[in-house]
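# Reading the structure
What follows is the residue order along each chain.
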Amino acid sequence: MYYYIMEPATGKASWQEKVKDMLGDLGIAGETVMPSAARTIEELASLGVIKGYTTIVAVGSEKIANKVATALINQKNTKDTVLGIIPDDYTSKLAKRIGVSDFKEACQALKFRKLEMVDACFVEPNKYFILEATIDNNHNGEAYLSLDSIQAGMPFDRIVIKPGLKIEIQDSKGSGGQAIKSFFGRLFGKKEEGPDIFTSFFHTNELKIEIPGNSLGLKVDDEIIAKTPIYCSHVPHALKIIIKRDTIDQKES
Amino acid sequence: MMDKNASGPGTVIGTNVKIVGTLYDANEIIMHGKIEGEVKSDKTIIVSETAYIKGPVTAETIQVAGQIDGSIIATGKLEILPTGKVFGSITTKDLNIRSGAIFIGKSNMPDGDKMLNLEEEKEMEPAPEV
């Protein structure tokens, strides 16, 4: 019933063994696979669905969880398939999202199977992400956004896109050193002088981002999943994930 | 239209952002940047000192510290702060213009029923040029 896809990571072999032992103790051990040059994470996830497993578990970073999620959403006939996650970093947004603070809690969450439908963001041609993706700008170029009924142009340092197509555009260059002032202000216990007038927030159902003269990467956990120009759309209720039973109030919105 | 979901987050437009089109949010809109087009909210629109709007503005409550070249309809309250500049007609039940503010245009203060009719008319007709 459980199909585990473990991320090959140096220095984490003992952690992976502990996870396997814990899964065995809880009675939820299953087939465990590891990606290789011959079989990618997406292929392994698809294979798990074809074999009839109903719980595909990503064991490792946000990167692997996102790849498994993409494979599951892209697969047809996966209505009964759920995504389980055992994160390797318990300070990560992924761990907070499922409400676990160590691998024991993550394994127990898998056993008790509280399911939650999550939204995803679709990036053309065939990528999805369930947490957040970012575009970092190391140049001085402007971004042009086309939302539902507006066209917007702006300088930016970083664009953060979250499912539900909540978009945050950070622009510290335009602040004229406000970020530095703010840092020293906080360091010396001074209160912030005023509201941040440089950061923008939008929310929409469809989005196109262009950076004229540049092709910047859209990254999920430091891995580029697409390059600008990108087209994103909101996919409500894209996938069922397993979360900790008592985390309803703790999860991130 | 950006979002009709009244429980969702609002929209904030940064000071270096330039927009063309119709900006609508069921929740609060905070404008620090520039827009050429209509701005509409079911709740509140805050036009900060650095903001410039060229087009009609419609919301329940509107606070203006920047510049608006266009008509304003506030079904609840309209406040023009000392740094605010409004060039266009305003329609509201509750108007507060602070000392130092600039307002050039026509002011209408209809009662509640007329206000509702005005809103409906506004939706039917294109925005008047100022």
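Heads up: the structure comes first, above all this text.
Conventions used here
Residues numbered from 1 in each chain as written. Chains lettered and ligands numbered in written order. Predicted model: local features only at pLDDT ≥ 70, side-chain atom pairs only at ≥ 80, totals over all residues. Helix = DSSP H or I, 4+ residues; strand = E, 2+ residues; numbered from the N terminus. Buried ≥ 20, exposed ≤ 12 C-beta atoms within 10 Å, placed from the backbone. Contact = placed C-beta atoms within 7 Å. Arc of directions from axis to C-beta. Nonpolar A, V, L, I, M, F, W, Y, C, P; charged D, E, K, R; others polar. Pairing = 2+ DSSP bridges. Expected span 1.5 Å × (residues − 1). Axes fitted to C-alpha atoms, helices over the stretch in contact; angles between N-to-C directions. Parallel < 35°, antiparallel > 145°, perpendicular 65-115°, else oblique. Left-handed = near helix turned anticlockwise from the far one by under 90°. Core = buried A, V, L, I, M, F, W, Y, C linked by C-beta atoms within 7 Å. Domains from an automatic or database assignment.

Summing up its helical and strand segments, chain A has six helices and 16 strands in all. Counting over 253 residues, chain A shows a buried share of 40%. A fraction of 72% describes how many contacts in chain A between residues 6 or more apart in sequence connect residues 24 or more apart.

Residue and element names in this part refer to chain A. Here the amide bond leading from E124 into P125 is cis, since omega sits at 5°, within 30 degrees of zero. The residue P125 is located in the loop between β5 (114-123) and β6 (127-129) in this model. Along the chain, T228 connects to P229 via a cis peptide bond; the corresponding omega equals 5°. Within the secondary structure, P229 sits in the loop between β15 (223-227) and β16 (230-243).

Residue and element names in this part refer to chain A. Here helix α2 (residues 41-50) has its buried residues at I41, L44, A45 and G48. Each buried residue of α2 lies within a common arc of 100° when the element is viewed along its axis, so the set occupies one face. Looking at the packing, one finds that the buried side of α2 touches β1 (2-6), β2 (31-33), β3 (55-60) and α3 (62-74). Remark: G52 follows α2 within two positions and exhibits a positive phi of approximately 95°.

With that settled, consider the environment of Y24 of chain B. Among the structural elements, Y24 of chain B can be located in strand β3 (residues 23-25). Through-space distance from the C-alpha of Y24 of chain B to that of K40 of chain B is 4.7 Å; in sequence the pair is 16 residues apart.

All right, on to the interface of chain A and chain B then. Facing the 21 residues of chain A at the interface are 21 residues of chain B. It is strand β9 (residues 150-155) of chain A that provides the largest number of residues to the side of chain A that touches chain B, a total of six residues. The residue inventory of the side of chain A that touches chain B, partitioned by class, reads 10 nonpolar, eight polar and three charged. Summarising the sheet, β9 of chain A and strand β2 (residues 18-21) of chain B pair through four bridges and their orientation is antiparallel. Across the sheet, the residue bridging to I150 of chain A is G21 of chain B, located in β2 of chain B.

Bringing the pairing of strand β7 (residues 133-136) of chain A into the picture now. Residue and element names in this part refer to chain A. The side-chain alternation of β7 yields one buried face, formed by A133 and I135, and one unburied face, formed by T134 and D136. Pairing of β7 with strand β10 (residues 158-162) involves four bridges; the strand directions are antiparallel. Within β10, the residue paired with A133 across the bridge is I161.

This brings us to helix α1 (residues 13-25) of chain A. Residue and element names in this part refer to chain A. Its 13 residues give α1 an end-to-end C-alpha distance of 18 Å, which sits within 8% of 18 Å, the value for a rise of 1.5 Å per residue. When α1 is considered as a whole, its buried residues turn out to be Q16, V19 and L23. Taken end-on, α1 shows its buried residues confined to a sector of 55°, consistent with a single buried face. Turned more than 90 degrees from where α1 packs its buried face, S14, E17, D21, G24 and D25 sit exposed. Positive phi appears at G27, one or two residues downstream of α1, with a value of about 75°.

Turning to the pairing of strand β14 (residues 217-220) of chain A, a few remarks are in order. Residues and elements named next belong to chain A. Residues of β14 alternate between two faces, with L218 and V220 buried on one and G217 and K219 left unburied on the opposite face. Here four bridges tie β14 to β15, and the two strands are oriented antiparallel to one another. Bridge assignment links G217 to a residue of β15, and that residue is K227. As consecutive antiparallel partners, β14 and β15 are separated by two residues, and within that stretch D221 has a phi angle of approximately 50°, a positive value.

Next up on the list: the packing of α2 of chain A against α3 of chain A. Two quantities define a packed helix pair, namely the angle between the helix axes and the distance between the axes. All names here are of chain A. Their axes nearest at 8 Å, the elements α2 and α3 cross at an angle of 50°. Taken together, α2 and α3 sit at an angle that is classed as oblique. Handedness of the crossing formed by α2 with α3: right-handed. Between α2, through I41, E42, A45, S46 and V49, and α3, the contact on the second element is made entirely by I64, K67, V68, T70, A71 and L72. Each residue belonging to the contact of α2 with α3 can be placed in one class, and the counts come to seven nonpolar, two polar and two charged.

This next bit is on the nonpolar core. One finds I5, V57, V68 and L83 of chain A together with M31 of chain B to be the most contacted residues of the largest nonpolar core, which totals 99 residues. For this core, the domains that each give at least three residues are domain 1 (2-112) and domain 2 (133-235) of chain A. Those residues in contact with V57 of chain A that lie beyond four places of it in its chain are Y2, Y3, Y4, I5, G84, I85, I86 and L110 of chain A.

Here we take up the packing of α1 of chain A against helix α5 (residues 103-112) of chain A. Residue and element names in this part refer to chain A. Packing of α1 against α5 brings their axes to within 10 Å, and their N-to-C directions diverge by 40°. Put simply, α1 runs oblique to α5. As for the relative orientation of α1 and α5, their crossing is right-handed in sense. Seen from α1, the contacting residues are K18, V19, M22 and L23; seen from α5, they are F103, K104 and C107. Among the residues forming the contact of α1 with α5, the class breakdown is five nonpolar, no polar and two charged.

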